[in-house]
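What the coordinates show
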Amino acid sequence: MSSAPNGLHPYPIVQAPMAGGVSGPPLVAAVCEAGGLGFLAGGYKTADGMYQEIKQTRGLTRRPFGVNLFLPQADHADPAAVEAYRGQLAGEASWYEVSLAEEDIIGTSDDGYDAKLAILLEDPVRVVSFTFGCPDPAALARLRAAGTYTIVTVTSAEEARTAQAAGADAVCVQGLEAGGHQGTHRDDPQTDGTAGVGLLTLVTQVREAVALPIIAAGGVMRGAQIAALLAAGAEAAQLGTAFLACRESGAHPLHKKALTDPMFPHTELTRAFSGRPARSLVNRFVREHGPYAPAAYPQIHHMTSGLRKAAAAAGDPQGMGLWAGQGHRLARALPAGELVEVLAAELAEAQSALKVLQMRRAS
């Protein structure tokens, strides 16, 4: 096993695991076949559902790919706040003619973590990454013994130190620019609006804090950005929003269209859809409900699931969870394999230009 994540594939390009049906076998396989590292999202599905997608992906590519797991979450939600938010959404439920889920549809707040981990130990994949926390050292050691390369998502130097101490092989450093959920190990509502560090700064902080290989994630849409991150000390870059618009992506067509629609010019971190900070395009739902959403994940995620599905079925992007990074306006609707090739060409061009500049300065 390589000591760096980009040793698993020709290009230092990682396709982010996007839960909710976006990062399925077709997208993952296309990225891997083109020379990137594709990731299946294990979140929001049963253990068997995850395993079926692993088997499907193996049928589409023989190249290494990864699987991402969500760490179990401590239940600190205030029941009264959850019920108050249910009342806040009553009008939405009436409009879309759906009921607001009363219970976590997975069964518990652990997202089936133990069962999924057991599958990945019994029938290993080459790479497993973790979000919303750090696994215990024993779990990481067992995965390593099975030949699996482990990556822990971090949003601070402190979290990176925790991952290194636990025995992770690498860290995925997620900057504030990233779309979707912030992968913080501890969800602290007291830091809403003030937490988070930009990616280049965060890569530097983590690079000086730990000796682990770094995968840099957050707002990356062009090969020149990848070059900058590699120059800053990263081994690879992870891109989510850039692949969301691809034809192999399982994102809803309205979500793909919204990325470059002038109607949605910017993003913000919101708890409106899930009860945990996540970067979304700002639509009506975010504006009207974001200020009132409590810190209650995954309760709010399941509460709003029916609303989001109903809005999509009605062709209404104003009621959908439109996850997107800050670079969303740079999205390109290319086949995933072609996008990998374009990014790799842009990266090579940027690196070549940098070498020329360095030679001129040295002469």
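The structure under discussion appears in the preceding block.
Residues numbered from 1 in each chain as written. Predicted model: local features only at pLDDT ≥ 70, side-chain atom pairs only at ≥ 80, totals over all residues. Heavy atoms only, no water.

With that settled, the discussion passes to the overall build of the protein chain. Check the secondary structure of the protein chain and you find 14 helices and eleven strands. Taken over C-alpha atoms, the radius of gyration comes to 20 Å for the protein chain, in line with the 21 Å a tight globule of 363 residues would show. Counting only C-alpha atoms and orienting by the principal axes, one finds that the protein chain spans roughly 70 × 45 × 40 Å. For the protein chain, the proportion of its 363 residues judged to be buried stands at 56%. In the protein chain, 68% of the contacts between residues at least 6 apart in sequence involve partners at least 24 apart. (Helix = DSSP H or I, 4+ residues; strand = E, 2+ residues; numbered from the N terminus. Rg over C-alpha atoms; globule rule 2.2 N^0.38 Å. Buried < 20%, exposed > 50% of the residue type's maximum accessible area, 1.4 Å probe, protein only. Contact = heavy atoms within 4.5 Å.)

Spatial ordering of the open sheet is given by 7-11-10, a layout of three strands whose pairing is antiparallel. Edge positions in the sheet fall to strand 7 (180-181) and strand 10 (267-270), since each of these pairs with one other strand and no more. (Pairing = 2+ DSSP bridges.)

The next subject is unusual backbone geometry. The step from Tyr-297 to Pro-298 runs through a cis peptide bond, and the omega angle for that step is 10 degrees. For Pro-298, the location among the structural elements is in the loop between helix 12 (284-289) and helix 13 (299-313). Unusually for a residue other than glycine, Glu-97 sits at a positive phi of about 60 degrees. Along the polypeptide, Glu-97 turns up in the loop between helix 4 (90-96) and helix 5 (113-122). We note that Phe-132 has phi near 75 degrees; this positive angle belongs to a residue other than glycine. Tracing the sequence through the fold places Phe-132 in the loop between strand 4 (127-131) and helix 6 (137-145).

What follows deals with the packing of aromatic side chains. Tallying each qualifying case throughout the model produces six aromatic pairs. Centroid distance Tyr-44 to Phe-70: 5.3 Å. Interplanar angle 80 degrees. Geometry classified as edge-to-face. Highlighted residues: Tyr-44 in the loop between strand 2 (39-41) and helix 2 (47-60) and Phe-70 in strand 3 (residues 66-70), separated in sequence by 26 residues. (Phe/Tyr/Trp six-rings, centres within 6.5 Å; stacked < 30°, edge-to-face > 60°.)

According to the stated counting rule, one finds zero disulfides in the structure shown. Free of any disulfide, Cys-172 has its nearest cysteine sulfur in Cys-134, 13 Å distant. Free of any disulfide, Cys-246 has its nearest cysteine sulfur in Cys-32, 13 Å distant. (Disulfide = S-S within 2.5 Å.)

With that out of the way, let us pick up the environment of His-76. Within the secondary structure layout, His-76 lies in the loop between strand 3 and helix 3 (79-88). Along the primary structure His-76 and Asn-283 are separated by 207 residues, whereas in three dimensions their C-alpha atoms are 28 Å apart.

In this section: helix 13. If you check helix 13, its first and last C-alpha atoms are 22 Å apart, about what 15 residues at 1.5 Å a residue would give, namely 21 Å. At Ser-305, helix 13 shows its largest kink, close to 40 degrees. Within helix 13, eleven of the 15 residues are buried, which leaves it mostly tucked inside the rest of the structure. Of the residues making up helix 13, those classed as buried are Ile-300, His-301, His-302, Met-303, Thr-304, Ser-305, Leu-307, Arg-308, Ala-310, Ala-311 and Ala-312. At the exit of helix 13 stands Gly-315, carrying a positive phi of roughly 70 degrees. (Expected span 1.5 Å × (residues − 1). Bend = angle between axes of the 7 residues up to and from the residue.)

Time to look at the pairing of strand 8 (residues 214-217). The alternating pattern of strand 8 places Ile-214 and Ala-216 and Ile-215 and Ala-217 on opposite faces, both of which are buried. Relative to strand 9 (residues 236-239), strand 8 is paired through three bridges, and the arrangement is parallel. Pairing of Ala-217 across the sheet is with Gln-238, part of strand 9. A crossover links strand 8 with its parallel partner strand 9, the connecting element being helix 9 (residues 223-231), and its sense is right-handed. (Right-handed = clockwise from strand over helix to strand, strands pointing away.)

Our next topic: the nonpolar core. Most often, soluble globular proteins have nonpolar side chains that are buried together. Core analysis: the largest hydrophobic core is formed by 94 residues, its most contacted members being Val-67, Phe-130, Val-171, Val-173, Leu-239 and Phe-243. With residues up to four places along the chain from it excluded, the contact list for Val-67 reads Phe-39, Leu-40, Met-50, Ile-54, Leu-120, Val-125, Val-127, Val-128 and Ser-129. Among the nonpolar cores identified, the runner-up in size contains eleven residues, and Phe-39, Ile-151, Ala-170 and Ala-236 belong to it. (Core = buried A, V, L, I, M, F, W, Y, C linked by side-chain atoms within 4.5 Å.)

This part covers the sheet that holds strand 1 (residues 13-15). Strand order in this open sheet of eight strands is 1-9-8-6-5-4-3-2, and the pairing throughout is parallel. The sheet terminates laterally at strand 1 and strand 2, the two strands that pair on one side only. Each adjacent strand pair in this sheet contributes to an overall mean axis angle of 25 degrees, direction not counted. Bridge analysis of strand 1 against strand 9 gives three bridges, and the strand direction is parallel. The residue bridging Gln-15 from the neighbouring strand is Leu-239, located in strand 9. This element, helix 9, spans strand 1, strand 8 and strand 9 of the sheet and lies at about 135 degrees to strand 9. (Axes fitted to C-alpha atoms, helices over the stretch in contact; angles between N-to-C directions.)

What follows deals with the packing of helix 5 against helix 6. Contact pair helix 5 / helix 6: the axes reach a minimum separation of 9 Å and the direction vectors enclose 30 degrees. Taken together, the axis directions place helix 5 and helix 6 in an arrangement best described as roughly parallel. Regarding helix 5 and helix 6, the two cross each other, and that crossing is left-handed. Facing helix 5, whose interface residues are Leu-117, Leu-120 and Leu-121, helix 6 presents Ala-139, Arg-142 and Leu-143. Residues of the contact of helix 5 with helix 6, tallied by class, amount to five nonpolar, no polar and one charged. (Parallel < 35°, antiparallel > 145°, perpendicular 65-115°, else oblique. Left-handed = near helix turned anticlockwise from the far one by under 90°. Nonpolar A, V, L, I, M, F, W, Y, C, P; charged D, E, K, R; others polar.)

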